[in-house]
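Observations on chain architecture
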Amino acid sequence: MSFINCILFKGLTEDEVKTTLDLSESKRFDYKKDSCIFERDDIPEYMYVLISGAVQIEKVDVNGKRIIMNVFREEGTIFGEVYLYLSHHSYDYSCIAIENSEVLAIPKSFFDANNGSNEILRKITYNMLEILSEKAYHLNQKVLILGSFSLRQKLSNFLLQKSRDSGTIQLGFNREELADYIGTTRPSLSRELMNMENDGLIRVEKDVIVIIDMERLAEIS
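Remember, predicted model here, so these are calculated numbers, not experimental data.

On to the nonpolar core. Core analysis: the largest hydrophobic core is formed by 24 residues, its most contacted members being Phe 158, Leu 159 and Ile 182. Where this core is concerned, the elements lending two or more residues are β5 (66-72), α3 (151-163), α4 (175-182), α5 (186-198) and β11 (208-211). Counting 20 residues, the second largest nonpolar core, distinct from the first, contains Phe 9, Ile 78, Leu 121 and Ile 124.

Here's what the structure looks like:
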């Protein structure tokens, strides 16, 4: 992939990106499906850029229940960056490769504040603020879903967020993963999707959900 399309390097030329990565001593790693990129309680050493494949941010609670926080499939996606800015703070989640994946690992030392006089790094730091803002927004949206009173409200919030006013949602999850993402069980999820379809709110087409009544869905959420 061309890293110039990655938001972290927005505003930089191809040569500037290459020079920057060489100076940063970044590394490329290949991960087989189901292998761990980092684990909960690990101390952050890198910020990661997805080159290919797909990774999943998840947490398993004391009862063995998996909670999926996010799934990244788009090339150039940044992950693991928040924890670089927290002093002596380990990861609260694990990151698993859910497909054979290649990632770029940029060392934490590259973002040392002493490099602030470097114009290229200044641009990258500005881009980091945009990335962190997007992550904060995503987490706020996730809180809206998890804080919903009923399963129908959770699903309504999820569908409205993902539809982006188009009315069609291409699910990046299977049923079990979606259930883990919104905090329910797979049978309950399937039952509620069927009920919402019977009520004329949505239409389910394999891994696509079409919103039939956007206004009613908004009222539920």
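Topologically, Ser 24 is positioned in helix α1 (residues 14-24). Of note is the side chain of Ser 24, whose polar atom sits 2.8 Å from the backbone oxygen of Leu 21. Those residues in contact with Ser 24 that lie beyond four places of it in its chain are Ile 106, Pro 107 and Phe 110.

The next subject is the sheet that holds strand β9 (residues 168-170). The sheet built from three strands is open, its strands ordered β9-β11-β10 with antiparallel pairing. Edge strands, defined here as strands with exactly one partner in the open sheet, are β9 and β10 (202-205). In this sheet, neighbouring strand axes are inclined to one another by 15° on average, regardless of whether the strands run parallel or antiparallel. Alignment of β10 against β11, held across four bridges, turns out to be antiparallel. Of the residues in β11, the one forming a bridge with Ile 202 is Ile 211. Across the sheet, α5 is in contact with β10 and β11; its angle to β10 comes to roughly 125°.

Across the sheet, four strands lie side by side as β1-β8-β3-β6; this open sheet has antiparallel pairing. Every interior strand has two partners, whereas the edge strands, β1 (27-31) and β6 (78-79), have only one. Pairing of β1 with strand β8 (residues 101-107), which is carried by five bridges, proceeds in the antiparallel orientation. The residue bridging Asp 30 from the neighbouring strand is Glu 102, located in β8.

Let us look at the pairing of β11. Here β11 shows a buried face lined by Val 208 and Val 210 and a second buried face lined by Ile 209 and Ile 211. For β9 and β11, the ladder comprises three bridges, and the chain directions are antiparallel. Pairing of Ile 169 across the sheet is with Ile 209, part of β11. Hairpin connection between β10 and β11: a loop of two residues separates the two successive antiparallel strands, and Lys 206 in this loop has a positive phi of roughly 55°.

Cut-off values and rules
Residues numbered from 1 in each chain as written. Predicted model: local features only at pLDDT ≥ 70, side-chain atom pairs only at ≥ 80, totals over all residues. Heavy atoms only, no water. Core = buried A, V, L, I, M, F, W, Y, C linked by side-chain atoms within 4.5 Å. Buried < 20%, exposed > 50% of the residue type's maximum accessible area, 1.4 Å probe, protein only. Helix = DSSP H or I, 4+ residues; strand = E, 2+ residues; numbered from the N terminus. Polar contact = N/O pair within 3.5 Å; in protein donor to acceptor, adjacent residues only side chain to side chain. Contact = heavy atoms within 4.5 Å. Pairing = 2+ DSSP bridges. Axes fitted to C-alpha atoms, helices over the stretch in contact; angles between N-to-C directions.

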